[in-house]
Amino acid sequence: NLHVGVIGATGAVGVELINVMFDRNFPVGELTLFASERSAGKTVETKFGTKTVALFSVEEAKQCDIVFLAVSGDFAKEYAPKIAEGALVIDNSSAFRLNDDVPLIVPEINGDLAKTAKLIANPNCTTAIAAVALWPLHQAFGLKKVIVSTYQAASGAGQPGMNELREGLASGLEGKPVPAEVFAHPLAFNVIPHIDSFQDNGYTREEMKVTWETRKIFGTPDLPVSCTAVRIPTERTHSEAIVVETEKAVTPAQAREVLSKAKGVKLVDDPANNKYPMPLTATKQYDVEVGRIRSNLIFGDHGLELFVAGDQLLKGAALNAVQIAEASIA
Ligand code: HSE
């Protein structure tokens, strides 16, 4: 059994990491929760029992077998390489995702890379959720172009984002001003086509992460991937409308057949009975829902449209991180 450390254990992702390890029977012998001075000493209830949060120290963290980082990129940049001298580090931030010597892993796709690495990057949530649906299609039909439009939940901005949405919905209903400290604008009763910072090319960094990270995970450095990332007032599931052009001809039935066998995917595609992916049904589920599969009117029989919904805190973060840890010891 392993000594597991979690840094950022009281954040939205950290809490789910602990839940997922417990629910999947990850072989945790000892669990140490680390935090800065602000939270050290607090006790938290977890599925592994009541834990007192320890003050973070590199030396203590290095003693663990596996350390999950669910904190900022700045913290990760400074400490992840040092902790990785002793422990396997699985980092949830974007700090190392594009480094050539750091694998970026979605276990359904490239889990083998977890066996030898000391520092592993967990992908951007939107990317990981799309990837589990796109990879089987890529293997079967070859992806030539990918266009993604996202509908991203408040949880992408962590617990403060979820709190701001709840407060905003309540305030708005009472006719009071809706807060906008976490998001660029009030999120309640709104959609915001702006996640992370704008880049020189007019895309946001969140949108470019989908391009950069999909290419790296798939090993397709030139694959054209374009994304529009939009924040919507749902709590914790990201949805995405995806259009692909394929190398080989593909029918919706063939795509459904491939996706019905794909790991990490739940096919929900029965429009006659109003069944399609939605945050309502995908929330707190491990599998990414995929549906609305149809031929695309522009690319014809060399293209598909699909809609996916995946829990941002699970496949988009904590579940994927724990699956990486599982792959590392498999
Ligand atoms: N950046 C993502 C979002 C979350 O804001 O929805 C994590 O990758």
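Below or above, wherever it landed, is the structure these notes cover. (Residues numbered from 1 in each chain as written. Predicted model: local features only at pLDDT ≥ 70, side-chain atom pairs only at ≥ 80, totals over all residues. Heavy atoms only, no water.)

What follows deals with the packing of aromatic side chains. A full pass over the atoms with the stated rule returns seven aromatic pairs. With a centroid separation of 4.7 Å and an interplanar angle of 45°, the aromatic rings of F75 and Y79 are classed as tilted. Residue F75 and its partner Y79 are located together in helix α3 (residues 73-83), separated by four residues, close to a single helical turn. Here the aromatic residues F34, F56, F75 and Y79 are joined through ring pairs into a cluster of three or more. (Phe/Tyr/Trp six-rings, centres within 6.5 Å; stacked < 30°, edge-to-face > 60°. Helix = DSSP H or I, 4+ residues; strand = E, 2+ residues; numbered from the N terminus.)

Moving on: helix α10 (residues 314-329). Maximum bend of α10: about 40°, positioned at N320. Of all 16 residues in α10, 14 are buried, a share of seventy percent or more. (Bend = angle between axes of the 7 residues up to and from the residue. Buried < 20%, exposed > 50% of the residue type's maximum accessible area, 1.4 Å probe, protein only.)

The topology assignment puts A95 in the loop between β7 (88-91) and α4 (107-110). Residues A95 and F75, spaced 20 residues apart in sequence, show a C-alpha to C-alpha distance of 9.1 Å. Not counting residues up to four positions away in its chain, the partners in contact with A95 are G73, A76 and K77. (Contact = heavy atoms within 4.5 Å.)

The next thing to look at is the nonpolar core. Grouped together as the largest cluster of nonpolar side chains are 56 residues, with contacts concentrated most on I83, V146, F218, I242, V290 and L306. Of the residues forming this core, the biggest block, 10 residues, is contributed by helix α5 (residues 125-141). Setting aside its immediate chain neighbours within four residues, F218 contacts I109, A131, L134, W135, H138, L143 and L223. Ranked by size, the runner-up nonpolar core spans 37 residues in total, among them F26, V44, L88 and A317. (Core = buried A, V, L, I, M, F, W, Y, C linked by side-chain atoms within 4.5 Å.)

Turning next to the sheet that holds β7. Pairing within the open sheet is parallel, and its six strands lie in the order β5-β2-β1-β6-β7-β8. Two strands lie at the open edges of the sheet, namely β5 (54-55) and β8 (119-121), each paired on one side alone. The strands touched by helix α1 (residues 12-23) within the sheet are β1 (2-7), β2 (28-35) and β6 (66-69), with β1 carrying the most contacts at an inclination of about 160°. The strands touched by α3 within the sheet are β1, β6, β7 and β8, with β6 carrying the most contacts at an inclination of about 175°. (Pairing = 2+ DSSP bridges. Axes fitted to C-alpha atoms, helices over the stretch in contact; angles between N-to-C directions.)

Here we take up the side chain of E289. Topologically, E289 is positioned in strand β13 (residues 288-296). Within the buried set, E289 has no salt-bridge partner at all; the shortest N-O distance to an opposite charge, 4.7 Å, is to K266. Of note is the side chain of E289, whose polar atom sits 3.2 Å from the backbone nitrogen of M278. Apart from residues lying up to four places away in sequence, E289 is in contact with K266, V268, Y276, P277, M278, T281, A282, F307, V308 and A309. (Lys, Arg positive; Asp, Glu negative; His and termini not counted. Salt bridge = Lys/Arg side-chain N within 4 Å of Asp/Glu carboxyl O. Polar contact = N/O pair within 3.5 Å; in protein donor to acceptor, adjacent residues only side chain to side chain.)

With that settled, the discussion passes to the pairing of β1. Within β1, six of the six residues are buried, which leaves it mostly tucked inside the rest of the structure. Two elements, β1 and β2, share six bridges in a ladder whose sense is parallel. The residue bridging H3 from the neighbouring strand is E30, located in β2. For the handedness criterion, the β-α-β arrangement of β1, α1 and β2 is classed as right-handed. Sheet topology places β1 next to β6; four bridges connect them, and they run parallel. Bridging across to β6, I7 finds its partner in L69. (Right-handed = clockwise from strand over helix to strand, strands pointing away.)

This next bit is on unusual backbone geometry. One non-glycine residue with positive phi stands out, namely N274, at about 60°. Residue N274 is classed as exposed on the basis of its relative accessible area of 56%. At K284, a position not held by glycine, the phi torsion is positive, near 70°. Looking at the element boundaries, K284 is found in the loop between α9 (279-282) and β13. The exposure class of K284 is exposed, given its relative accessible area of 57%.

The interhelical angle for the contact between α5 and helix α7 (residues 205-218), taken along N-to-C directions, is 40°, at an axis separation of 10 Å. Considering the angle they form, α5 stands oblique to α7. Handedness of the crossing formed by α5 with α7: right-handed. Counted together, C125, T126, T127, A131, L134, W135 and H138 of α5 and E206, K209, V210, E213, T214, I217 and F218 of α7 form the full contact between these two elements. Residue classes in the contact of α5 with α7 are distributed as seven nonpolar, four polar and three charged. (Parallel < 35°, antiparallel > 145°, perpendicular 65-115°, else oblique. Left-handed = near helix turned anticlockwise from the far one by under 90°. Nonpolar A, V, L, I, M, F, W, Y, C, P; charged D, E, K, R; others polar.)

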